[in-house]
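# Descriptive structure summary
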Amino acid sequence: MRSKIVAGNWKMNKNLVEAKALASEIVNIARDELKDDVKLVVCPPFISLSAVSSILGDTQNVFLGAQNCNDNKAGAYTGEISVDMLTSVCASFVIIGHSERREYFGETDDFLAKKVDTVLAASITPIFCCGEPLEIREAETQYKYVTDQITASLFHLNEEQIKKIVIAYEPIWAIGTGKTASAEQAQQMHAEIRKHLASKYGESVASEISILYGGSCKASNAKEIFSGEDVDGGLIGGASLVAREFVDIAKSF
Ligand code: PGA
């Protein structure tokens, strides 16, 4: 059985004090209300990772993630954060290749392939993001676009490695816009992604990989989106900044 995961990408929001307050609220609600078969992941900005890690403590179903890391193990890379540093604060997930990093920081498929290797070597789970911009959706070439991203950044991995990846499908036209892919559009893309993984690694391996949906997912539409057979959870931006809303999304399963 693949994991059900709801991950919150806080992006560049919440200072240290606010991050601690939000994490505490999430832990308190999740502890009382969340079923054990759903994993929550919170991804605060780097400076709050350590404090949030202490707040999560040994909470069973809330995990710590980072929003990015450097592709090198260590060295003279001013301002960067290594996988070893993430491990030292007990982060077990890291978001890789978010569309905002691809667009604003020039992260390419080849570069992300290298980053995925660095993350896996540190035994951290990459949440690998893919997704098409509006013009690709309008040209109806979205399946090729997204599966090409996956081929380029992930298909060098072996079977054991690919099983450790979580994929997040995030149509760029739905991120932070209030526009959501319909449940049917999400399911169709997730099924295409799984078929693509199966073409390289076989059905059994493909069936073990969690594929999350991201893009204006909130408590009011999560139930419908998560009803897709191949939709295993969400990568949530804006709605993850409110504890009640975030946990309610995870309760939609
Ligand atoms: P959103 O962001 O939920 O605010 O649309 C999703 C994401 O970028 O992960």
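Up top is the structure.
A short tour of the structure in this document, coming up.

Calculation criteria
Starting afresh in each chain, residues are numbered from 1 along the sequence in its written order. For this predicted model, a pLDDT threshold of at least 70 governs which residues receive local features, and a threshold of 80 or more governs which side-chain atom pairs are given and counted, while totals over whole chains, interfaces and linings are taken from all residues. The side-chain quantities take in all heavy atoms of the structure and omit both hydrogens and water. Stacked, tilted and edge-to-face pairs are distinguished by plane angle, under 30 degrees for stacked and over 60 for edge-to-face with tilted covering the rest, among Phe, Tyr and Trp rings (Trp via its six-membered ring) whose centres lie within 6.5 Å. Numbering of helices and strands starts at the N terminus; helices are DSSP runs of H or I of at least 4 residues and strands are runs of E of at least 2. Between buried and exposed lies partly exposed: a residue is buried under 20% and exposed over 50% of the maximum accessible area for its type, with that area taken using a 1.4 Å probe on protein chains only. Any Lys NZ or Arg CZ that is within 6 Å of a ring centre and within 35 degrees of that ring's normal is treated as a charge sitting over the ring. Whenever a nitrogen or oxygen atom comes within 3.5 Å of another N or O atom, the pair is scored as a polar contact, on the condition that within protein one atom can donate a hydrogen and the other can accept it, and that pairs from neighbouring residues in sequence are kept only if both atoms are in side chains. Note on contacts: a residue pair qualifies if any of its non-hydrogen atoms lie within 4.5 Å across the two residues. Here, nonpolar core refers to any group of buried Ala, Val, Leu, Ile, Met, Phe, Trp, Tyr and Cys residues whose side-chain atoms link them within 4.5 Å. Only the stretch in contact is used when fitting a helix axis, every axis being a line fitted to C-alpha atoms; angles between N-to-C directions are given from 0 to 180 degrees. Relative orientations are named as follows: roughly parallel for angles under 35 degrees, roughly antiparallel for angles over 145 degrees, roughly perpendicular for angles from 65 to 115 degrees, and oblique for any other angle. Two helices cross in a left-handed way if the nearer one is turned anticlockwise from the farther one by less than a right angle. They cross in a right-handed way if the turn is clockwise. Polar here means any residue other than Ala, Val, Leu, Ile, Met, Phe, Trp, Tyr, Cys and Pro, which are nonpolar, and Asp, Glu, Lys and Arg, which are charged; Gly is therefore polar. Residues are counted as near a molecule or strand when any one of their heavy atoms sits within 4 Å of it. Where accessible areas are quoted, they stem from the Shrake-Rupley method and a 1.4 Å probe; at the residue level, only the protein chains shown are allowed to cover. Think of it this way: DSSP has to see at least two bridges between two strands before they count as a pair.

### Side note on the packing of aromatic side chains
This structure, assessed with the given rule, holds four aromatic pairs. Judged by centre distance (5.5 Å) and plane angle (85°), the rings of Phe-155 and Tyr-201 are edge-to-face. Linking Phe-155 in the loop between α7 (142-154) and α8 (159-162) with Tyr-201 in helix α9 (residues 183-201), this pair joins segments that are 46 residues apart in sequence. Of the two residues examined, Phe-155 and Tyr-201, each falls in the buried class. Positioned above the aromatic ring of Phe-105, the side-chain terminus of Arg-101 is 4.1 Å from the ring centre.

### Let's talk about the side chain of His-98
For His-98, the location among the structural elements is in the loop between β4 (93-96) and α4 (99-104). In this structure His-98 comes out as buried when scored by relative accessible area, which is 5%. At 3.1 Å, the side chain of His-98 forms a polar contact with the side chain of Glu-170. Contacts of His-98, omitting those with residues within four sequence positions, involve Asn-9, Lys-11, Cys-129, Glu-170 and Ile-175.

### Remarks on the nonpolar core
Judged by nonpolar contacts, the single largest core of 68 residues is most densely connected at Leu-40, Ile-150, Ile-167 and Ile-193. A per-element tally of this core places helix α1 (residues 16-33) first, with seven residues. What Ile-193 contacts, discounting residues up to four positions off in sequence, is Cys-130, Val-146, Ile-150, Ile-167, Tyr-169 and Ile-211. Within the second largest apolar cluster, twelve residues are counted, among which are Ala-7, Cys-43, Cys-129 and Ala-168.

### Here we look at the packing of α7 against α9
Where α7 contacts α9, the axes come no closer than 10 Å and their chain directions differ by 40°. When the interaxial angle is binned, α7 and α9 end up oblique. As α7 runs across α9, the sense of the crossing is right-handed. Note on element contacts: α9 touches α7 through Gln-188, Met-189, Glu-192, Ile-193, His-196, Leu-197 and Tyr-201, opposite Gln-142, Tyr-143, Val-146, Thr-147, Ile-150, Thr-151 and Leu-154. Counted by class, the contact of α7 with α9 contains eight nonpolar, five polar and one charged residues.

### Some words on the site of the ligand
Looking at the ligand, there are 13 residues lining it, with Lys-11, His-98, Glu-170, Gly-176 and Ser-216 nearest. With respect to the ligand, the side chain of His-98 contributes an N or O atom lying 2.6 Å from an oxygen atom. Measuring from an oxygen atom of the ligand, one finds a backbone N or O atom of Gly-237 at 2.9 Å. For the ligand, the protein covers 95% of the area, taking 280 Å² as the surface of the free molecule. Partitioned by chemical class, the residues of the shell around the ligand number four nonpolar, seven polar and two charged.

### Notes on the sheet that holds strand β6 (residues 166-169)
Read around the closed barrel, the eight strands follow the order β1-β2-β3-β4-β5-β6-β7-β8; overall the barrel is parallel. For this sheet the average axis-to-axis angle between neighbouring strands, irrespective of direction, equals 30°. As paired elements, β6 and strand β7 (residues 211-214) share three bridges and run parallel to each other. Bridge assignment links Ile-167 to a residue of β7, and that residue is Ile-211. Of the strands in this sheet, β1 (4-9), β2 (38-43) and β8 (233-236) are in contact with helix α12 (residues 243-250), which crosses β2 at around 145°.

Coordinates in, geometry out; function isn't part of it.
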